[in-house]
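# Summary of the model geometry
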Amino acid sequence: MRKLTLALLLCFSPCAVSDGLPDLGDASQIVLTPLQERQIGQQSMMEIRASKQFLDDAEINDYLNQLGSKLVENSAEPSLGFEFFAINDLTINAFAMPGGFIGVNSGLLLTVQSESELAAVLSHEIAHVTQHHLARMIAGQQNEGLVSMAALAVAILAARTSPQATEAAIASVQARAIQKQLDFTRANEQEADRIGLDLLQKSDFNIHAMPEFLERLQKATRLLDNNAPNYLRTHPITTDRVADIENRVQKQPYRLIPDSLDFQLVRTKLISSQKTAVDAIAYFSDALDSQKHGNPIAQRYGLVEALLRNNEVGRAAQELATLRKMAKSSPLSRNNPMIETLSGLVKQAENNPAMSLAFYRTAVQNFPQHRALIYDYTDLLIQNGQGEAAVKLLAAQITRHPSDTTLYDLQARAYAMQGKVLEQHQAQAYSYAWQGKLYAALEQLELAKQAGGSFYQLSTVESDLRELRGMLDARGKP
Ligand SMILES: [Zn+2]
């Protein structure tokens, strides 16, 4: 199974660059094949995971994927395997990459005023993917013989995340000229709006959220003068465009769709992360005291998290008890894995490993797909010498999330404590490979080989080594 995991990665990457440029066939062809699109997206994701910009928070990313897949189900390509992820950047932006990879800046998550607004942005990005707008743009650039596919992927990633990074990345691939052309055209935007709106409606969100969000962005932009949010730069917005959406929406009744608790907890987490622990404690205490606006469950969640961050364990446990009692009173919040994860962290801080282990055993049974819980539980298992139980849990998660580098890191630690040296280095190699650190991965595989093992194990290491060398050779070419 591990072998299959790496094969998945290796198949995507080297094929993309194996002889410099992939064979696009007819030079006039303007679209890429689905496999080529996926390869470009995968390559860009490796860069993103390795960069500081990647917001490595499984709860935020799992939430985005839940919301995203709700929308994707109603799209033209429900089985494309979309992946949504957060970028740690306070500028307002969201961007799509070929193959179904969609990034959302923390700045955008903090700016939207409802879950429907966030869904509207995601729908628009999903439409860019299903209409292959970016793929066409890239294919067009390819035909001009500018740069290799891999270099383009990096440039596109940079251009769509941060203008500062763009400068460096694009210069490095000597393709400064493509920057302007990486923004969507007006026709692309209108098509993405139209299809996005349709997705939003089919998925039972408030369609009025789309024009509302765009108008708010536009107003903010006027105040900011030349300082337009990245979102408006990569998705040019015009008065026509807003009028067009408003026209479509006008005839539809206004439906107020309540925000999910997860949406509110994710935002609470982000708000808290912008503040020091002391400031966050004051902020959430004030919000709870004034009882004016906002969701008191989310506010108390923020308070508990901040108290924990400030090492006020006793008070955190007290507030957590209140939070759990409140959460129990409503079906919307009764079984929430994020509250469960926070409870686990408080239990761990109380420093009673037996109690914590018992808590997690039940929690992962109730929420077997919540990665943050699995991370925390397996970490605790490893600390308490239970490597075998950790390995078992991690294997199941890796099947579901083959590109999750945290899972491989934990797996390497679990194997290390069991004295399984070959497996340890092999797991570490996968973690590095998915971050695009191919030389470090190679080194780990060499160590795995030196450690020795069964004939079967050694042959998987050998075949991983061969494929990795192939990737490195391919990457070495201009
Ligand atoms: Zn757009």
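Procedures and definitions
- Residues numbered from 1 in each chain as written.
- Predicted model: local features only at pLDDT ≥ 70, side-chain atom pairs only at ≥ 80, totals over all residues.
- Heavy atoms only, no water.
- Helix = DSSP H or I, 4+ residues; strand = E, 2+ residues; numbered from the N terminus.
- Buried < 20%, exposed > 50% of the residue type's maximum accessible area, 1.4 Å probe, protein only.
- Contact = heavy atoms within 4.5 Å.
- Pairing = 2+ DSSP bridges.
- Axes fitted to C-alpha atoms, helices over the stretch in contact; angles between N-to-C directions.
- Phe/Tyr/Trp six-rings, centres within 6.5 Å; stacked < 30°, edge-to-face > 60°.
- Lys NZ or Arg CZ within 6 Å of the ring centre and 35° of its normal.
- Core = buried A, V, L, I, M, F, W, Y, C linked by side-chain atoms within 4.5 Å.
- Salt bridge = Lys/Arg side-chain N within 4 Å of Asp/Glu carboxyl O.

This part takes up the overall build of the protein chain. Looking only at helices and strands, one finds 24 helices and 3 strands in the protein chain. Residues counted as buried form 54% of the 478 residues belonging to the protein chain. The contacts in the protein chain between residues at least 6 apart in sequence include a share of 67% that link residues at least 24 apart.

Turning to the sheet that holds strand S2 (residues 94-97), a few remarks are in order. Read from one edge to the other, the open sheet built from 3 strands follows the order S1-S3-S2, with strand pairing classed as mixed. Each edge of the sheet is formed by a strand with only one pairing partner; in this case those strands are strand S1 (83-87) and S2. With direction set aside, neighbouring strand axes in the sheet form an average angle of 20°. For S2 and strand S3 (residues 101-105), the ladder comprises 4 bridges, and the chain directions are antiparallel. For Ala 94, the partnering residue across the bridge sits in S3 and is Val 104. The strands touched by helix H3 (residues 58-72) within the sheet are S1 and S3, with S1 carrying the most contacts at an inclination of about 140°. Sheet strands touched by helix H5 (residues 115-130): S1, S2 and S3. Its angle to S2, the strand with the most contacts, is close to 25°.

For the rest of this paragraph, the subject is the environment of Leu 472. Relative to the helices and strands, Leu 472 is located in helix H24 (residues 455-476). Separated by 34 residues in sequence, Leu 472 and Leu 438 place their C-alpha atoms 7.0 Å apart. In contact with Leu 472, other than residues within four places in its own chain, are Leu 438, Tyr 439 and Leu 442.

Mapped onto the elements, Ser 123 comes out in helix H5. A residue is classified by how much of its surface remains accessible, and Ser 123, at 0% relative accessible area, is buried. Here Ser 123 is in contact with Leu 71, Gly 196, Leu 199 and Leu 200, once residues within four sequence places are set aside.

Tallying each qualifying case throughout the model produces 7 aromatic pairs. Aromatic side chains Tyr 283 and Phe 284 sit 5.0 Å apart centroid to centroid with 85° between the ring planes, which places their arrangement in the edge-to-face category. Given the relative accessible area of 2%, Phe 284 is considered buried. Lying over the aromatic face of Tyr 283, Lys 275 brings its terminal NZ or CZ to 4.3 Å of the ring centre.

Within S3, 5 of the 5 residues are buried, which leaves the element mostly enclosed by the surrounding structure. Judged by which residues are buried, S3 turns out to be covered on both faces: Phe 101, Gly 103 and Asn 105 on one side and Ile 102 and Val 104 on the other are all buried. Across 5 bridges, the pairing between S1 and S3 is parallel. Directly across from Phe 85, in S3, lies its bridge partner Gly 103. In this structure, the hairpin formed by S2 and S3 is closed by a connection of 3 residues, where Gly 99 is found at a positive phi of approximately 85°.

To continue, consider the nonpolar core. Counting residues in each nonpolar core, the largest one holds 66 residues, and the members touching the most others are Leu 108, Leu 118 and Tyr 231. Here the element with the most residues in this core is helix H15 (residues 296-309); it accounts for 8 residues. Not counting residues within four places of it along the chain, the set of residues in contact with Tyr 231 comprises Ile 92, Asn 93, Ala 94, Leu 108, Val 121, His 124, Glu 125, Leu 214 and Leu 217. Core analysis: the second largest hydrophobic core is formed by 27 residues, Phe 359, Leu 373, Tyr 408 and Tyr 415 among them.

Enumeration over the complete set of coordinates arrives at 16 salt bridges. A salt bridge links Asp 62 to Arg 371; the shortest N-O distance between them is 2.5 Å. Taken together, the residues Asp 62 in helix H3 and Arg 371 in helix H19 (residues 371-383) connect sequence positions 309 residues apart. Each member of the pair Asp 62 and Arg 371 is classed as buried. Salt bridges sharing partners connect three or more residues here, namely Asp 57, Glu 59 and Lys 269.

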